[in-house]
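Residue-level listing of the chains:
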2 protein chains.
Amino acid sequence: MIPLTEAELMERASALAGKTLGKVALQTGLTMPASMKQAKGLVGQLIELALAGACSTHAGPDFPALGIELKTLPLDRPGHPRESTYVCTVAPQNDLKSSWKQSRVWHKLARVLWIPVEAAPEIPLAQRRIGSPIFWHPDVAQDKILQQDWEELTGMIREGELDKLTSRYGQYLQIRPKARDSKALQSSSGPDDSPGQTLPRGYYLRTCLTRQILDSHT
Amino acid sequence: MIPLTEAELMERASALAGKTLGKVALQTGLTMPASMKQAKGLVGQLIELALAGACSTHAGPDFPALGIELKTLPLDRPGHPRESTYVCTVAPQNDLKSSWKQSRVWHKLARVLWIPVEAAPEIPLAQRRIGSPIFWHPDVAQDKILQQDWEELTGMIREGELDKLTSRYGQYLQIRPKARDSKALQSSSGPDDSPGQTLPRGYYLRTCLTRQILDSHT
DNA sequence: GTGGATCCATGTATGGATCCAA
DNA sequence: TTGGATCCATACATGGATCCAC
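Residues numbered from 1 in each chain as written. Chains lettered and ligands numbered in written order. Predicted model: local features only at pLDDT ≥ 70, side-chain atom pairs only at ≥ 80, totals over all residues. Heavy atoms only, no water.

### Observations concerning the sheet that holds strand β3 (residues 112-118) of chain A
Residues and elements named next belong to chain A. Read from one edge of the open sheet, three strands run β1-β3-β4, paired in mixed fashion. Sheet topology places β1 (69-75) and β4 (134-136) at the edges, where each strand pairs with a single neighbour. Here the average twist between neighbouring strands, direction ignored, is 30°. Two strands pair when backbone bridges link them, and β3 and β4 are joined in this way by three bridges, in the antiparallel orientation. (Pairing = 2+ DSSP bridges. Helix = DSSP H or I, 4+ residues; strand = E, 2+ residues; numbered from the N terminus. Axes fitted to C-alpha atoms, helices over the stretch in contact; angles between N-to-C directions.)

As structure tokens, this is what we get:
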């Protein structure tokens, strides 16, 4: 079931374009709930199931052989991104030792297959339509800004300013909470390598970047 | 529900003596299955629930405030231990850096409350009786042998001989697989710190030690 | 008899993201 | 608008141990 070539994956993704989530769910044997309040990742998992034949939450790219990451992109009525896009978790220990091109953010974003999906709240979940897939990798200008952001953010982490790090930093890339709730904790370390506990956080792409990506492919 | 003093814990454990597992299960609101093939840890969890008021699988001693570890001890008809006793997992990374008195094995065995339970296969699970609790800590002779065993075993691990380490080593303490099945893997490291994968293992007490403990308390 | 294999429950981390109050 | 908060599913780790073929 796993696509073996990039062409095969693109073909399969193109075949989804125009279909509703309800129709795809039927074909894969799932039933859509009325709302996404309980199951925020449902659409992403449905699309992954439809394209890869399975939806397991293991580490690494969604299509390891192709090195391609799959991301759904929720659109509002005018066709703009409704939400920021989660990239990966912040690992205070590891991120500091690597360079931009060795970072998990870079690897996640190196080759992305975007699947736009209607997400205006007034459209019932099952009736939302899937858009045409966009195969993307950062161009030179985008990569430069992403790198600047990443270096600014990891720089602050390195200085032990993780707790001062709000989502206001970064032009394309931001850091926001990524946890069960605001009481969740993960281990971290301070400027002097002092161990501590902090709220788990993740890297997210702002909509100004995903909007660019959409615009340049229409 | 958690006993606050050692005396309270002992009193509660003594109150269980003579009761059947079925009776205790009723009191705690559980139902016993017919067999333990599906749920090998059931008896241990039932006893923990009855004594501590909860049965959560967090790290650390079962009664943190008291520093006491709870262990059930399955007995055959003549009243001898039927099985070896699991102590803790082998962590190839950490075990090597600590001394005997800093080791997780030592801490686990420092203060143990043994609960003997009938376990002859011909007795239906619900009818098996609980015995009198035994509060134990290693005496000087036992501690000496345990330390010798631990140093022999960790010595072999340090030499990178983890894969040659069978359960035949050790007088009281042995190392055996502790995994979902024989294909499970965990990270380890070789003699030269080379990373690798190996079968997860655990430390176990042989029955010759638990039999001693039983004998010296009757 | 016992060394190697295996079983369940629960906790925690990770991957999929959207919700919602200010 | 958007920064902070939150939700579900699944995988993996840990704690409770016993099973069973040789």
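What follows picks up the thread again.
### Here's the deal with the state of the cysteines
Residue and element names in this part refer to chain A. Applying the stated criterion across every chain, the model contains zero disulfides over all chains. Distance from the sulfur of C88, which forms no disulfide, to the nearest cysteine sulfur (C208) is 17 Å. The class of C88 is buried, set by a relative accessible area of 5%. (Disulfide = S-S within 2.5 Å. Buried < 20%, exposed > 50% of the residue type's maximum accessible area, 1.4 Å probe, protein only.)

### Considerations on the sheet that holds strand β2 (residues 85-89) of chain A
Hydrogen bonding along the main chain pairs the strands of a sheet, whether they run parallel or antiparallel. Residue and element names in this part refer to chain A. Read from one edge to the other, the open sheet built from three strands follows the order β2-β8-β5, with strand pairing classed as antiparallel. Each edge of the open sheet is held by one strand with a lone partner, namely β2 and β5 (173-177). Going from strand to strand, the sheet's axes swing by 40° on average, the running direction of each strand aside. Pairing of β2 with strand β8 (residues 201-205) involves four bridges; the strand directions are antiparallel. When the bridges of β8 are listed, T85 appears paired with L205.

### Here's the deal with the pattern of salt bridges
Applying the stated criterion to the full structure yields 14 salt bridges over all chains. For the salt bridge of A:K108 with A:E69, the shortest nitrogen-to-oxygen distance reads 3.5 Å. Residue A:K108 is located in helix α4 (residues 104-109), and its partner A:E69 is located in strand β1; the two are separated by 39 residues in the primary sequence. For A:E69, a relative accessible area of 6% translates into the label buried. For B:K71, the salt bridge goes to B:E69, with nearest N and O atoms at 3.9 Å. Like B:K71, the residue B:E69 is buried in the burial classification. Look at the salt bridges and you will find they share partners, linking A:E69, A:K71 and A:K108 into a network. (Salt bridge = Lys/Arg side-chain N within 4 Å of Asp/Glu carboxyl O.)

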